[in-house]
Amino acid sequence: MTNREIAELLRSIAAAYIVRGEDRFRVMAYQRAAESVDHATSEVKDLWDDGKLKELAGVGSAIASHLDELFKTGRVKHFDEVKSGLPPAMFALLDIPGIGPKTAFRLCQELQLKEEKTAISQLEKAASGGLIRKIEGFGSESEKRILSGLKALKRGQTKEKRMLLPYAFALAKEVIEYLAECPAVIRADPLGSLRRMVATIGDIDIAASTKNPKDVIRHFINYSKIRRVLSRGEEALARVILQSGRQVDLRLQQPEAYGAMLQYFTGGKSHNIALREYALQKGFSLSEHGIKNLRDTDKKVKKYAAEEDFYRDLGLKWIPPELRENIGEIEAALRSAQGKPGGLPELVNSGDIKGDLHVHSNFPIETSHDEGENSPEEILAKAKDLGYEYLGFAEHNPSVSQHSKYKIIDILKRKQEVIEHLKYSRVNKIFVNPINGLEIDIKADGTLAVPEEGLVLLDYVIASIHSSFNLSREEMTARVLRALDHPKVRIFGHPTGRKISTREGYELDWEKIFAFCKRRNIWLEINAWPDRLDLPDTLVREAVKYGVKMIICTDAHAVSHLPLITYGVAVARRGWAEKEDIINVLGYNKFMEMIRKGGE
DNA sequence: GCCGTTTTCGGCCCGACTGTTTTCAGTCG
């Protein structure tokens, strides 16, 4: 059973409890446990195997024993009892936006929906037949809402369909630029997962500071790229669907309370809850309007124009948005404010990056993978724009099946000459140092897809997996370690092999990989390619704890890709990486020293 | 049902918007 299925099961129990009128805190406990399972870094089944279920936040002895029963027998008696008497159909309806447990239950009752499989189609028939408006408590608006919710579900625009971070950023940028045209807008910023730089984004949340919210809302809903206005408030909020099908929520606040709103709508759900609970203990209640002191008789809300002051009044240091996931950042911010050790990290910045070591040029490397679009000269010019000191050319290795060993060596000799020429001739007037690398396939047996005589021509090797993904965890780990053992290999490329929303990564024993990399001066790549972002932030955090060094690279295949480095930096930051954890913040000479230095 | 730097009992985040209501429940983030 996957984490996703387990989380869904726990949510369905919460929904059942809601319909039964069960204590709302019990409901919240199940929802929280579901959330926790969803965000778990390892498979819950594996945790169960190791007897570590209760290490999951929000999973106590009761839920742990239910899950135990689930893994042992495939069923949970208690869950069956909770759900008994409720129509299975109602759980299918929960996927429809706007329909919660109570609405789902009532619809099933009134429309005689029973089976989970047919619930959606039956509901659709009833809604288009005008039956829903006749139900007491429902009206024509509810019917319309349900129909449009069903349409969204059909188009696959449910919560799971998330967009890649750079795409979301581009959309948000357009909206923010449009908002800036309105004179009443003082400033506008991304909120939520976008501001936290999460790898995938559901809805786009944007904040605007203004003294005239009505004007801004009027301006916003006149945006030409809007397909539909979902809701339109008076002062605080408007929700729309763009023509691209993406939802944008705009939240408005007066400038004097803008910091409070940024704070309120940036953190992940569990960060927000944890911070509000922490504040409650100190006698404060938090909201997007500011901080309310519950001990004051008048309970006036203190406003905050800046987030820093908001955190300071709670006795905390300002927490960078990327860290606001409730994974220890509140405790760290407290220690920072108190001047104690174990405080917040000094996160690496985009400006710290001195070079990109994973770039594909159009040098005719005759690979079976893809070649880059731009010449080495064009790439160096762009690297100069970005303020880099060095740039590593790491094309794919020449195709093994289509070339003899000698042909491969010959190609690599020519590539070496091209790089040397750039280094010492006047062609490179731009003073970005080229480095001669290669991204080499790790074959199924763990050997590199380039002969020894070719490897000696290179300054460094990125070893990556591009085939045979379906080995067992043990086999895959042995394969990778064998490849990393070669003295020319400095970088393990896109280490998990995941492709966001299309492919899970392969399985690796990370403790072994981390230990090996630390001992042998191997750097884990943080690949900034939008659907890779690999290492993922959770593993970056682990690597940091192990003291393993990482290198942030773009895997660019064109000069226009080089600025994507910022998304790799974002992953590093989300993983609490500081400058010292990242290799390519070093200047050229130090970096070359590191590249030559083998392990041990 | 969970959880513990004032707690193993007694708390548990907060507000906006909608629809169908005469004062609020449901949903969402």
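Residues numbered from 1 in each chain as written. Chains lettered and ligands numbered in written order. Predicted model: local features only at pLDDT ≥ 70, side-chain atom pairs only at ≥ 80, totals over all residues. Heavy atoms only, no water.

(A) Focus on helix α4 (residues 61–73). Between its first and last C-alpha, α4 extends 18 Å over 13 residues, near the 18 Å set by a 1.5 Å rise per residue. Where α4 is concerned, the buried positions are Ile 63, Ala 64, His 66, Leu 67, Leu 70 and Phe 71. Viewed along the axis of α4, the buried residues span an arc of 160°, placing them on a single side of the element. Looking at α4, the residues exposed on the side facing more than 90 degrees away from the buried face are Ser 61, Lys 72 and Thr 73. Buried residues along α4 sit in contact with α1 (3–20), α2 (24–38), α3 (44–49) and α5 (77–83). Two residues or fewer after α4 comes Gly 74, characterised by a positive phi angle close to 85°. (Helix = DSSP H or I, 4+ residues; strand = E, 2+ residues; numbered from the N terminus. Expected span 1.5 Å × (residues − 1). Buried < 20%, exposed > 50% of the residue type's maximum accessible area, 1.4 Å probe, protein only. Arc of directions from axis to C-beta. Contact = heavy atoms within 4.5 Å.)

(B) Representation of the pairing of strand β14 (residues 460–464) in the model. Extensive coverage of β14 is indicated by the burial of five of its five residues. Burial of β14 is two-sided: the residues Tyr 460, Ile 462 and Ser 464 facing one way and the residues Val 461 and Ala 463 facing the other way are all buried. In this sheet, β14 lies alongside strand β13 (residues 433–441) in parallel orientation, the contact comprising five bridges. Counted as the bridge partner of Gly 437 is Tyr 460 from β14. With three bridges connecting them, β14 and strand β15 (residues 489–492) associate as parallel partners. (Pairing = 2+ DSSP bridges.)

(C) Highlighting the pattern of salt bridges. Applying the stated criterion to the full structure yields 31 salt bridges. The salt bridge partner of Asp 309 is Arg 312, with a shortest N-O separation of 2.8 Å. Placement of the pair is Asp 309 and Arg 312 together in helix α15 (residues 307–313), with a separation of three residues, close to one helical turn. Overall, Asp 309 belongs to the partly exposed group, its relative accessible area being 30%. In this structure, the salt-bridge partner of Arg 573 is Glu 322, at a minimum N-O distance of 2.6 Å. In this pair, Arg 573 is assigned in helix α23 (residues 565–574) and Glu 322 in the loop between α15 and α16 (329–337), connecting sequence segments 251 residues apart. Owing to a relative accessible area of 14%, Arg 573 belongs among the buried residues under this scheme. One connected set of salt bridges, linked through shared partners, spans Arg 196, Glu 325, Asp 537 and Arg 574. (Salt bridge = Lys/Arg side-chain N within 4 Å of Asp/Glu carboxyl O.)

(D) The nonpolar core, seen in detail. By size, the foremost hydrophobic cluster in this structure holds 101 residues, and its most contacted members are Ile 206, Leu 524 and Ile 582. Among the elements that make up this core, the one with the highest residue count is helix α10 (residues 165–180) (eight residues). The two domains that each donate at least three residues to this core are domain 2 (163–253) and domain 4 (350–596). Beyond its immediate sequence surroundings of up to four residues, Ile 582 is in contact with Val 348, Ile 353, Ile 526, Met 550, Ile 552, Ala 572 and Ala 577. The next biggest cluster of nonpolar side chains, apart from the first, holds 53 residues, and it includes Leu 86, Met 90, Ile 99 and Ile 135. (Core = buried A, V, L, I, M, F, W, Y, C linked by side-chain atoms within 4.5 Å. Domains from an automatic or database assignment.)

(E) Highlighting the domain arrangement of chain A. Here chain A is described as being made up of domain 1 (3–154), domain 2 (163–253), domain 3 (273–337) and domain 4 (350–596). Using C-alpha coordinates to define each centre, domain 1 is positioned 33 Å away from domain 3.

(F) Representation of the protein's contact with DNA strand B. Near DNA strand B, the surroundings consist of 49 residues, among which Gly 98, Thr 103, Gly 139, Arg 276 and Glu 277 are the closest. Expressed as a percentage, the sugar and phosphate content of the atoms of DNA strand B within 4 Å of the protein is 78%. The backbone of Gly 60 places a nitrogen or oxygen atom 2.6 Å from a phosphate oxygen of DNA strand B. Here a phosphate oxygen of DNA strand B and a side-chain polar atom of Ser 285 are 2.8 Å apart. For the surface near DNA strand B, the class distribution of residues is 19 nonpolar, 17 polar and 13 charged. (Near = heavy atom within 4 Å. Polar contact = N/O pair within 3.5 Å; in protein donor to acceptor, adjacent residues only side chain to side chain. Nonpolar A, V, L, I, M, F, W, Y, C, P; charged D, E, K, R; others polar.)

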